[in-house]
Amino acid sequence: MNQEFPENFLWGCATSAFQVEGAYNEDGKGLSLADVRSMSVDPTEEPTKALANVGDEIADSKIASDHYHSWEEDVELMKELGLKSYRFSIAWTRIYPNGDDEQINEKGLAFYDKLIDRLNKYGIEPVVTIYHFDFPCGIQKKYGGWRNKQSIEDFNRYACTLFEHFKGRVRYWLVNNEQNAMIRRDSYLGIEEKDILKRERLRHLCNHNMYVACAKAIASCHQIDPEAKIAPVMAYSPTYPKDSKPENILAAKKSEDLYRNYMIDVHCRGEYPAYYLRWLRDNGWDFPISDEEHEILKAGKPDFYAFNYYRSSCAEYCPEDVSPELVERYRVDAKRRMLPGICRHIDNPNIEPFPMNQWRLDPIGLRVAFRNIYERCHLPLMLCENGLGVPDILTNDFKIHDDYRIDYLKSHIIAMKEAVKDGIPVIGYHVWTFMDVISTSEGFKKRYGLVYVNRDEKGGDLNRYKKDSFNWYREVIKENGRN
Ligand code: BGP
């Protein structure tokens, strides 16, 4: 038998509430920013209509993959797949429709009771994200969301409700998903400020408040359910230098420091590195940090570290004289974003784009990611998302021959195996996604699932069909990663 992965390795799949559940207003659910966020095909054009749309335009999460109604069928498929873990998120607005209601919405909680109990019954470990992009519109409107310290208290109250209610039934919690990606997208933060400097300041303030909220929730979890393990999830892609010119090597290193490394330090050491605070100050983006907040950050350290990986990135030195407008324009574009005088992201000249979606695929980058993160945090690592987003074709006999997805997943699992051989304690791997879900950038135009959901932007019968990758992954799980 294969020696690389431990017997209790969590072979899993992932989804998130607003991308999969649908039933956006059923059983008392309130609206979240993710519900009202417009679909944006061009990631460089930030949708700014999020709040204006509350109540009149609901993005595709109205129906999504209809998992709220089809969860039993979906869990049967998970059982057939042999999943060891299922990573999904709880929608804050199903539990507290406005985010801070006095009463718990019992019907919302009951949905997750059923789901979690069934997963446990089938021996599928629930790995539960508490907050995946879906901040409640109620408290966003009431006090401005993450920019306001009240959000820290409201988030902690919501998280404590979950820790108490699911004590003993959920052993792995994920506090929040991709805070580092979220703070680049104003629609997830409800930021509509026009002035560029003020906007940037607000983003950093929201970022800080989320770190405090994260640490506070971790400490609460440890207190309420000391048996449970908890961690945040970051978006991670190692940044390579364009070439071996010293200025480009430094640029890539600084990019990693300012976009990702500092984050691991805040989570795992409970403090911002000095270079980061100085960078904020030099740009006029700094915020006060109280003694109490320093203590909270120190007190809430994760038990393991979790990240999502899709592909690597590449950077070169960026001259000082770039206009703030251009910087702002490319802020959410992972391939072009820039920090004048520091670094600018570019397509890696050493990796050909994958024809189906133009991604620079890089399985070795996953091994690099495991090594980099582990070197910094010295904690067990869980990969929470890895997958390929492309259009799939449903044949006339209801098959999906997605050998391209199998190739992608296989090469990344091999890279993860090499990371394990490198001595990294890896505890779990999750394919993004179990079934097709709404892509945050392209709706149903691209798909990630092992299970096809028969719908497009206009609708469909929502029937489920197993893709070839489903059958392939079942064998991987059965063989504990031998492929
Ligand atoms: C991650 C998010 C997921 C998911 C994935 C794919 O950043 O955590 O929610 O959406 O990216 O991205 P997209 O849907 O834009 O293709």
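Conventions we followed
Residues numbered from 1 in each chain as written. Predicted model: local features only at pLDDT ≥ 70, side-chain atom pairs only at ≥ 80, totals over all residues. UniProt positions renumbered as here; feature names shortened; annotations may be inferred. Helix = DSSP H or I, 4+ residues; strand = E, 2+ residues; numbered from the N terminus. Rg over C-alpha atoms; globule rule 2.2 N^0.38 Å. Buried ≥ 20, exposed ≤ 12 C-beta atoms within 10 Å, placed from the backbone. Contact = placed C-beta atoms within 7 Å. Core = buried A, V, L, I, M, F, W, Y, C linked by C-beta atoms within 7 Å. Near = placed C-beta within 6 Å. Nonpolar A, V, L, I, M, F, W, Y, C, P; charged D, E, K, R; others polar. Axes fitted to C-alpha atoms, helices over the stretch in contact; angles between N-to-C directions. Parallel < 35°, antiparallel > 145°, perpendicular 65-115°, else oblique. Left-handed = near helix turned anticlockwise from the far one by under 90°. Pairing = 2+ DSSP bridges. Right-handed = clockwise from strand over helix to strand, strands pointing away.

The chain appears in an unreviewed UniProt entry as 6-phospho-beta-glucosidase from Enterocloster lavalensis. In the Sequence similarities (unreviewed entry) part of its UniProt record, the chain is described as follows: "Belongs to the glycosyl hydrolase 1 family."

A. Structural view of the overall build of the chain. From N to C terminus, the chain includes 17 helices and 14 strands. Its C-alpha atoms give the chain a radius of gyration of 21 Å, within 12% of the compact-globule value 23 Å for 483 residues. With respect to the three principal axes, the spread of C-alpha positions in the chain is 55 × 55 × 45 Å. Of all 483 residues assigned to the chain, the portion counted as buried reaches 49%. Long-range contacts, defined as pairs at least 24 residues apart, comprise 76% of the intrachain contacts of the chain with a sequence gap of at least 6.

B. Broad picture of the environment of Asp195. Among the secondary structure elements, Asp195 is positioned in the loop between helix 9 (186-189) and helix 10 (196-224). For Asp195, a count of 9 C-beta atoms within 10 Å gives the class exposed. Here the alpha-carbon distance between Asp195 and Phe9, two residues 186 residues apart in the chain, equals 48 Å.

C. Structural detail: unusual backbone geometry. With an omega of 10 degrees, the peptide bond running from Trp432 to Thr433 counts as cis. With respect to the element layout, Thr433 can be found in the loop between strand 12 (426-432) and strand 13 (451-453). Positioned with a positive phi, Ala64 is a non-glycine residue whose angle comes to about 45 degrees. Looking at Ala64, the number of C-beta atoms within 10 Å reads 27, which means it is buried. At His378, a position not held by glycine, the phi torsion is positive, near 50 degrees. Structurally, His378 can be placed in the loop between helix 15 (363-377) and strand 11 (381-386). For His378, a count of 10 C-beta atoms within 10 Å corresponds to the exposed category.

D. How the structure looks around the nonpolar core. By size, the foremost hydrophobic cluster in this structure holds 121 residues, and its most contacted members are Tyr86, Ile130, Trp173, Leu174, Ala217, Phe307 and Met416. At twelve residues, helix 10 tops the list of elements feeding residues into this core. With near-sequence residues (within four places) excluded, Ala217 lies in contact with Ile130, Phe155, Asn156, Ala159 and Val175. In this structure, Ala251, Cys314, Ala315 and Met338 belong to the second largest nonpolar core, which totals eight residues.

E. Spatial organisation of the site of the ligand. Taken together, 13 residues are adjacent to the ligand, and Glu178, Gly389, Ser439, Thr440 and Ser441 come closest. For the shell around the ligand, the class distribution of residues is three nonpolar, eight polar and two charged.

F. Region of interest: the packing of helix 10 against helix 13 (residues 291-299). Following both chains from N to C, one finds helix 10 and helix 13 inclined at 55 degrees, their axes separated by 8 Å at the closest point. Comparing their axes, helix 13 and helix 10 come out oblique. In the packing of helix 10 onto helix 13, the handedness of the crossing is left-handed. Side by side, helix 10 and helix 13 meet where Tyr211, Val212, Ala215, Lys216 and Ala219 of the first sit next to Glu293, Ile296, Leu297 and Ala299 of the second. Tallied by class, residues from the contact of helix 10 with helix 13 come to seven nonpolar, no polar and two charged.

G. Examining the pairing of strand 11 more closely. Among the six residues in strand 11, six count as buried, and that is most of the element. In the sheet, strand 7 (residues 305-308) pairs with strand 11 via four bridges, with the strands oriented parallel. Counted as the bridge partner of Asn308 is Glu385 from strand 11. Two elements, strand 11 and strand 12, share four bridges in a ladder whose sense is parallel. Bridge assignment links Asn386 to a residue of strand 12, and that residue is Val431. In terms of handedness, the path from strand 11 via helix 16 (residues 403-421) over to strand 12 forms a crossover that is right-handed.

H. The sheet that holds strand 9 (residues 338-339), seen in detail. Judged by pairing direction, the sheet is mixed, and its four strands sit side by side in the order 6-8-10-9 without closing on themselves. With one partner strand each, in any of the chains shown, strand 6 (239-241) and strand 9 form the two edges of the open sheet. Pairing geometry for strand 8 (residues 313-316) and strand 10 (residues 343-346), over three bridges, is antiparallel. Looking at the pairing, Ala315 lines up with His345 of strand 10.

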